Amino acid sequence: MQQRIAKADTVVVVGGGAAGVEVATDAKSFYPDKHIILVHSRAAVMHRFGKDLQTAALEGLKRLDVEVILEDRVIEEDDANGTVTLKSGRKIECNFFINCTGQKPNSSILSTLSPNSISSSGYIKVKPTLQLVDEKYQNIYSCGDVTDMDVPTPNARSAMQQSVVAAENILLAIDGKVPKHEYQHTWPESLIKLTLGLDRSVTHLSDGKSDILWRSKEKDDALMAAQCWKSLGQVPFEDDYMQNQKEEGQV
Ligand SMILES: Cc1cc2nc3c(=O)[nH]c(=O)nc-3n(C[C@H](O)[C@H](O)[C@H](O)COP(=O)(O)OP(=O)(O)OC[C@H]3O[C@@H](n4cnc5c(N)ncnc54)[C@H](O)[C@@H]3O)c2cc1C
């Protein structure tokens, strides 16, 4: 993807959620002379989050001069001719098209073993203890994005909380006890740090009634990824770009 962005003059990103906003702002921040266009079908980017985050995300896109097209959608992408057609009729010539319109759960691992545990939208159905709803497989647990839970904006924090609940239940089961720990979503899990280019981010926390938002200048392009690898006992991945930054003392 990086190579295709590097070669392109115009890039169209479709989908104004976290992935689309981050890709568009990263690309424009790295290549200010390229024409980066973000197309989103709703009236605001980051529409699943509070108003404050929507406004801050749009400001971040505009600051970098990303062209934002709202309330329109891509109806055709012609890779061979390098054109993207919008519902409004506008045709955009572009060299690279990036689809960020959402992820699909991959629950195929259970499709033969326990098809009843897969919801119509592909998520894995579990009890509050995170055991499969299928009574035949009470020693199988599911956590994270693929799980059908009442989490408004699935994120790493919720996935980690769920993994703790599942691990505690597995320990009980190993001791011959009934798994009793239950996962319940709590609003602090919904904290999001959204990058707006390589050197800016905005962090947002909401309980559905009130919002807190703060803007930060970032020094670490890799957004603390190295720290995560280290916490897993792994050597952080470094490409040439990261290596050069290290030598220049920026990381
Ligand atoms: C652009 C973007 C920004 C985000 N920002 C934030 C943020 O600021 N804060 C936050 O908390 N969250 C954020 N998230 C969400 C966060 O990344 C996810 O919620 C989190 O990664 C979910 O963890 P997971 O373990 O459920 O799934 P994943 O991280 O997707 O891990 C699942 C793993 O399972 C592997 N796998 C799949 N099928 C199989 C199989 N059959 N066998 C073996 N392995 C398999 C996959 O390869 C993958 O490695 C962001 C996501 C995106 C896309």
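Computed from a predicted model, the values in this text were never measured in an experiment. (Residues numbered from 1 in each chain as written. Predicted model: local features only at pLDDT ≥ 70, side-chain atom pairs only at ≥ 80, totals over all residues.)

Undergrad: Please clarify how the site of the ligand should be interpreted in this entry.
TA: As a matter of local geometry, the ligand sits amid 14 residues, with Gly144, Asp145, Asn155, Ala156 and Ala159 nearest to it. Taken together, the elements giving at least two residues each to the shell around the ligand come down to α2 (18-30), α4 (156-174) and β8 (192-195). (Near = placed C-beta within 6 Å. Helix = DSSP H or I, 4+ residues; strand = E, 2+ residues; numbered from the N terminus.)

Undergrad: Quick question: what am I supposed to make of the environment of Gly89 here?
TA: Within the element layout of this structure, Gly89 appears in the loop between β5 (83-86) and β6 (91-93). What makes Gly89 exposed here is the crowd of 8 C-beta atoms within 10 Å. For Gly89 and Ser206, which are 117 residues apart along the polypeptide, the C-alpha to C-alpha distance reads 37 Å. (Buried ≥ 20, exposed ≤ 12 C-beta atoms within 10 Å, placed from the backbone.)

Undergrad: Looking at this model, I keep getting lost on the sheet that holds strand β2 (residues 35-40). Mind explaining?
TA: Strands belonging to one sheet form pairs held by backbone hydrogen bonds; the direction of such a pair is parallel or antiparallel. The four strands lie next to each other as β3-β2-β1-β7, forming an open sheet whose pairing is parallel. With one partner strand each, in any of the chains shown, β3 (67-70) and β7 (96-99) form the two edges of the open sheet. In this sheet, neighbouring strand axes are inclined to one another by 20° on average, regardless of whether the strands run parallel or antiparallel. In this structure, β2 lies alongside β3, joined through four bridges in parallel fashion. (Pairing = 2+ DSSP bridges. Axes fitted to C-alpha atoms, helices over the stretch in contact; angles between N-to-C directions.)

Undergrad: Would you explain unusual backbone geometry in this entry?
TA: What you tend to see is this: most non-glycine residues have negative phi, and most peptide bonds are trans. Non-glycine residue Glu71 carries a positive phi angle of around 50°. Along the chain, the position of Glu71 falls in the loop between β3 and β4 (74-78). C-beta crowding within 10 Å serves as the criterion here: with 12 such atoms nearby, Glu71 is assigned to the exposed category. Although it is not a glycine, Leu130 sits at a positive phi angle of roughly 75°. Inspection of the secondary structure assignment puts Leu130 in the loop between β7 and α4.

Undergrad: Which parts of the structure should I look at to understand the sheet that holds strand β9 (residues 200-206)?
TA: Read across the sheet, three strands follow the order β8-β9-β10 without closing on themselves; strand pairing throughout is antiparallel. Looking at which strands have only one partner, the edges of the open sheet turn out to be β8 and β10 (211-217). Strand-to-strand twist of the sheet, defined as the mean angle between neighbouring strand axes without regard to direction, takes the value 20°. As judged from the four bridges shared by β8 and β9, these two strands associate in the antiparallel manner. Opposite Thr195, over in β9, you have Ser201 as the bridge partner. Docked against the sheet, helix α3 (residues 51-63) engages β8, β9 and β10, running at close to 170° with respect to β9. (Contact = placed C-beta atoms within 7 Å.)

Undergrad: Where do I start with the environment of Lys125 in this structure?
TA: On the secondary structure map, Lys125 appears in the loop between β7 and α4. Considering only alpha carbons, one finds Lys125 and Tyr141, 16 residues apart in sequence, at a separation of 9.8 Å.

Undergrad: How should the pairing of β9 be read in this particular structure?
TA: On any regular strand, side chains alternate: one points to one face of the sheet, the next to the other face. Between β8 and β9, which pair antiparallel and follow one another directly, the connecting turn spans four residues, one of which, Gly197, has a positive phi of 100°. Pairing geometry for β9 and β10, over seven bridges, is antiparallel. Considered in β10, the bridge of Ser206 is made with Asp211. The antiparallel pairing of β9 with β10 creates a hairpin that spans four residues between the two strands, and Gly208 there sits at a positive phi of about 95°.

Undergrad: What should I look at first to understand the packing of α2 against α3 in this one?
TA: Running from amino to carboxyl end, α2 crosses α3 at an angle of 25°, the nearest separation of the two axes being 9 Å. Here α2 lies roughly parallel to α3, going by the angle between them. Where α2 crosses over α3, the two elements pack in a sense that is left-handed. Between α2, through Val21, Ala24 and Thr25, and α3, the contact on the second element is made entirely by Ala57, Gly60 and Leu61. The class makeup of the residues in the contact of α2 with α3 is four nonpolar, two polar and no charged. (Parallel < 35°, antiparallel > 145°, perpendicular 65-115°, else oblique. Left-handed = near helix turned anticlockwise from the far one by under 90°. Nonpolar A, V, L, I, M, F, W, Y, C, P; charged D, E, K, R; others polar.)

Undergrad: Mind showing me how you'd approach α2 here?
TA: In an α-helix, one turn spans 3.6 residues; hence positions three or four apart end up facing the same way. An ideal rise of 1.5 Å per residue puts 18 Å on 13 residues; α2 measures up with 18 Å between its terminal C-alpha atoms. For α2, a buried count of 10 out of 13 residues is recorded, marking the element as mostly surrounded by other parts of the structure. Turning to α2, its buried residues number three or more, namely Ala18, Gly20, Val21, Glu22, Val23, Ala24, Thr25, Ala27, Lys28 and Ser29. (Expected span 1.5 Å × (residues − 1).)

Undergrad: Is there a simple way to think about α4 in this case?
TA: The end-to-end C-alpha separation of α4 is 27 Å, in line with the 27 Å expected for 19 residues at 1.5 Å each. All of the buried residues along α4 are Ser158, Gln162, Ala166 and Asn169. Viewed along the axis of α4, the buried residues span an arc of 65°, placing them on a single side of the element. Along α4, the residues that are exposed and aim more than 90 degrees away from the buried face are Ala156, Met160, Val164, Leu171 and Ile174. Phi turns positive one or two residues past the end of α4, at Gly176, with a value near 80°. (Arc of directions from axis to C-beta.)

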